[in-house]
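# Summary of structural features
Listed here are the chains, written in short residue letters.
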Amino acid sequence: QVQLVESGGGLVQAGGSLRLSCVASRGTFDTYTMGWFRQVPGKEREFVAAISWGGTRTYYADSVKDRFTISRDNANNTVVLQMNTLKPEDTALYYCGRQSTRGAIARMPEGYGYWGQGTQVTVSS
């Protein structure tokens, strides 16, 4: 059973940066796609970014493209989301997830079977 723990959230002013980390323990990490999603109260969990198992393919939501960068370090079972030029609308609880199956990269939360507890990001205007 994969366990995921996110960290790095916090309060930042608009235009600032944050670096989220997700560390995996137990189970298998390095042969699965990893993703970042976010959720605000009353709304569905929203895709932010995903990275293939080898790190060669990345995908981003249009709303974060050119501002966020996802990367991974398989040797340390870690996936990172570097967030720059943050906006108030980026405020959310951010989750990392491990895709349930190997293969095509999923951009829907239903494609991910393991989640962390989330880390809160709050961007003030």
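For the structure, check the block above.
None of the values given here were measured: they were computed from a predicted structure. (Residues numbered from 1 in each chain as written. Predicted model: local features only at pLDDT ≥ 70, side-chain atom pairs only at ≥ 80, totals over all residues. Heavy atoms only, no water.)

## Some details on the pattern of salt bridges
Using the following cut-off: One side-chain nitrogen of Lys or Arg within 4 Å of one carboxyl oxygen of Asp or Glu is enough to make a salt bridge. Note on classification: 1.4 Å probe, protein chains only; a residue is buried when its accessible area is under 20% of the maximum for its type, exposed when over 50%, partly exposed between these limits. The numbering of helices and of strands both runs from the N terminus, where a helix is a DSSP run of H or I of at least 4 residues and a strand a run of E of at least 2.
A full pass over the atoms with the stated rule returns four salt bridges. A salt bridge links K65 to D62, with the nearest nitrogen and oxygen atoms 3.1 Å apart. Taking relative accessible area as the criterion, K65 reaches 39% and is therefore assigned partly exposed. A salt bridge links R67 to D90; the nearest nitrogen and oxygen atoms lie 2.7 Å apart. In this pair, R67 is assigned in the loop between β6 (58-60) and β7 (68-73) and D90 in the loop between β8 (78-83) and β9 (92-99), connecting sequence segments 23 residues apart. Just as R67 is buried, D90 falls in that class too.

## Quick word on the side chain of S52
Where we set the bar: Residues are treated as being in contact if the distance between any of their heavy atoms lies within 4.5 Å.
Looking at the secondary structure, you find S52 in the loop between β5 (46-51) and β6. With sequence-adjacent residues up to four places away left out, S52 is seen in contact with T33, R57, R72 and I105.

## Quick notes on the nonpolar core
Our working rule: The set of buried Ala, Val, Leu, Ile, Met, Phe, Trp, Tyr and Cys residues whose side-chain atoms join them within 4.5 Å is what this entry labels a nonpolar core.
Ranked by internal contacts, the top residues of the largest apolar core, which has 33 residues, are W36, L81, M83 and Y94. Put simply, the parts of the chain that give this core at least two residues each are β3 (18-25), β4 (34-39), β5, β7, β8, β9 and β11 (119-124). No other element matches β5, which puts five residues into this core. Those residues within four positions of M83 in sequence are excluded, and the remaining contacts are G16, S17, L18, L20, R67, F68, Y94 and V121.

## Some thoughts on the pairing of β8
Short version of the rule: Two strands pair if DSSP finds at least two bridges between them.
Within β8, five of the six residues are buried, which leaves the element mostly enclosed by the surrounding structure. Inspection of the sheet shows β3 paired to β8 by six bridges, in the antiparallel sense. The residue bridging S21 from the neighbouring strand is V80, located in β8. Pairing of β7 with β8, which is carried by six bridges, proceeds in the antiparallel orientation. Across the sheet, the residue bridging to S71 is V80, located in β8. Here β7 folds back onto β8, and the loop between the two strands holds four residues, one of which, N77, carries a positive phi near 50 degrees.

## A look at the environment of S125
Mapped onto the elements of the fold, S125 is located in the segment after β11. For S125, a relative accessible area of 86% puts it in the exposed group. When residues no more than four places from it in sequence are discounted, the contact partners of S125 are A14 and P88.

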